[in-house]
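Spelled out from the first residue to the last, the chains are:
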Amino acid sequence: MALDQEFDKESDEKEGDEMTFLDHLEELRWHILRSVASILVFTIVAWIFQKEIFGKVIMGPSKSEFWTNRMLCKLADATGVEGLCFTQANFILQSREVSGQFMMALTQSILVGLLFSFPYFFWEIWRFVKPGLKITEAKAARGAVFWVSLLFFMGVAFGYFVVSPMAINFLASFKLDESIQNQFDISDYISLLSMMTLACGLTFQLPMITYVLSRVGILTPSFMREYRRHAVVGILIVAAIITPSPDMISQLLVTFPLLCLYEVSILVSARVNRQREAEML
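This one's a predicted model, so the numbers in the text were calculated from it and none came from an experiment.

Caption draft 1: Structural detail: the overall build of the protein. The secondary structure content of the protein amounts to 13 helices and two strands. Expressed as a percentage of the 281 residues in the protein, the buried residues total 36%. Long-range contacts, defined as pairs at least 24 residues apart, comprise 81% of the intrachain contacts of the protein with a sequence gap of at least 6. On the protein, roughly 17100 Å² of surface is accessible, and the fraction owed to carbon and sulfur atoms is 67%.

Caption draft 2: A look at the environment of S191. Its location among the elements puts S191 in helix α9 (residues 186–203). Judged by its relative accessible area of 43%, S191 falls in the partly exposed class. Taking the C-alpha atoms as reference points, S191 and Q108, 83 residues apart in sequence, are found 9.8 Å from one another. Among the polar contacts listed, one links the side chain of S191 to the backbone oxygen of S187, at a separation of 2.7 Å.

Caption draft 3: Molecular detail of the pattern of salt bridges. All told, the structure shown has four salt bridges when counted by the stated rule. A salt bridge links R34 to E124; its shortest N-O distance comes to 3.1 Å. Of this pair, R34 sits in helix α2 (residues 21–48) while E124 is found in helix α6 (residues 118–129), placing the two residues 90 residues apart along the sequence. As a salt-bridge pair, E124 and R127 come within 3.8 Å of each other at their nearest N and O atoms. Here R127 and E124 lie together in helix α6, a separation of three residues that amounts to about one turn. R127 shares its class with E124; the two are buried.

Caption draft 4: Fine view of the nonpolar core. Among the nonpolar cores identified, the biggest contains 20 residues, and F158, V163, M224, V254, L258 and Y262 are the most heavily contacted of them. For this core, the element with the highest residue contribution is helix α13 (residues 248–280), accounting for five residues. If you look at the next biggest cluster of nonpolar residues, it comprises 15 residues, including F66, Y160, A172 and I186.

Caption draft 5: The arrangement of the confidence of the model for the protein in detail. When pLDDT is averaged along the protein, the result is 82; 88% of the residues meet or exceed 70. Considering only residues more than four positions removed or in separate chains, one finds that residues 11–16, a stretch of pLDDT under 50, has zero contacts.

Caption draft 6: Here's a closer look at the packing of aromatic side chains. Inspection of the entire model under this criterion finds twelve aromatic pairs. Between the aromatic rings of F146 and W147, the centroid separation amounts to 5.1 Å while the plane-to-plane angle is 75 degrees, which identifies the pairing as edge-to-face. Among the residues examined, F146 registers a relative accessible area of 35% and is labelled partly exposed. Ring centres 4.7 Å apart and planes at 40 degrees place the aromatic pair F223 and Y227 in the tilted group. Look at F223 and you get partly exposed, because its relative accessible area is 42%. In this structure Y227 comes out as partly exposed when scored by relative accessible area, which is 34%.

Reading guide: rules and limits
Residues numbered from 1 in each chain as written. Predicted model: local features only at pLDDT ≥ 70, side-chain atom pairs only at ≥ 80, totals over all residues. Heavy atoms only, no water. Helix = DSSP H or I, 4+ residues; strand = E, 2+ residues; numbered from the N terminus. Buried < 20%, exposed > 50% of the residue type's maximum accessible area, 1.4 Å probe, protein only. Contact = heavy atoms within 4.5 Å. Areas by Shrake-Rupley, 256 points an atom, 1.4 Å probe, with all protein chains shown as cover. Polar contact = N/O pair within 3.5 Å; in protein donor to acceptor, adjacent residues only side chain to side chain. Salt bridge = Lys/Arg side-chain N within 4 Å of Asp/Glu carboxyl O. Core = buried A, V, L, I, M, F, W, Y, C linked by side-chain atoms within 4.5 Å. pLDDT = per-residue confidence, 0-100. Phe/Tyr/Trp six-rings, centres within 6.5 Å; stacked < 30°, edge-to-face > 60°.

Structural data, given as structure tokens:
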């Protein structure tokens, strides 16, 4: 929110100044350069701590002592669903290329850089877009950087602590026959982990997407309530896809937060709808 307030002062000072197309391109170039610089800074920091990040963060969901895996084992004891408990990693990670480990270290550093620079990156893009909004639209979107960043990190945390451990547990333990060993390339493991976490980070933007669509009049709370059943079916399908484990408890652990997001989105749409009606009076 402080970032938005700071930009409000800057926009007030520039109010009334006309910019040419080339001026806009120049301004966009500097926004992009600063964004890339922030990603580079975090990438360098991640590279310095690459071993700690890989051993404790990247490999965390694959270990039985990981917090989520320990909680799932307690839940398995309480419910009798043994498939929830992840006791031992039943797979081997391999690097099958000469430059494989170096490229994975570089890849994980870039991913971490992208992750932690997201708030600043979005703020830079927002600074470029905001002057083109109307005064009422800019006021209505105040705090966008804060809420988008908060929802993104909530989604990433959900993907990392909930979805990824369950997916890795099931996929790594699944065997057609006991004679077959699970030996995965390290790039596949990192791709799965990054896909789960980033996908959840984007999915958690649903309330903000609803807010924008409601502001422009495309989405209404009545429409979302009318198609709630369809949304529930869609959420169940998504939960079944991102949690390949056949037990219902794993799917419910993913389904419940997504349903909550949908209900929150309805409330957001209803509030925006009331604001639009008030502005029209």
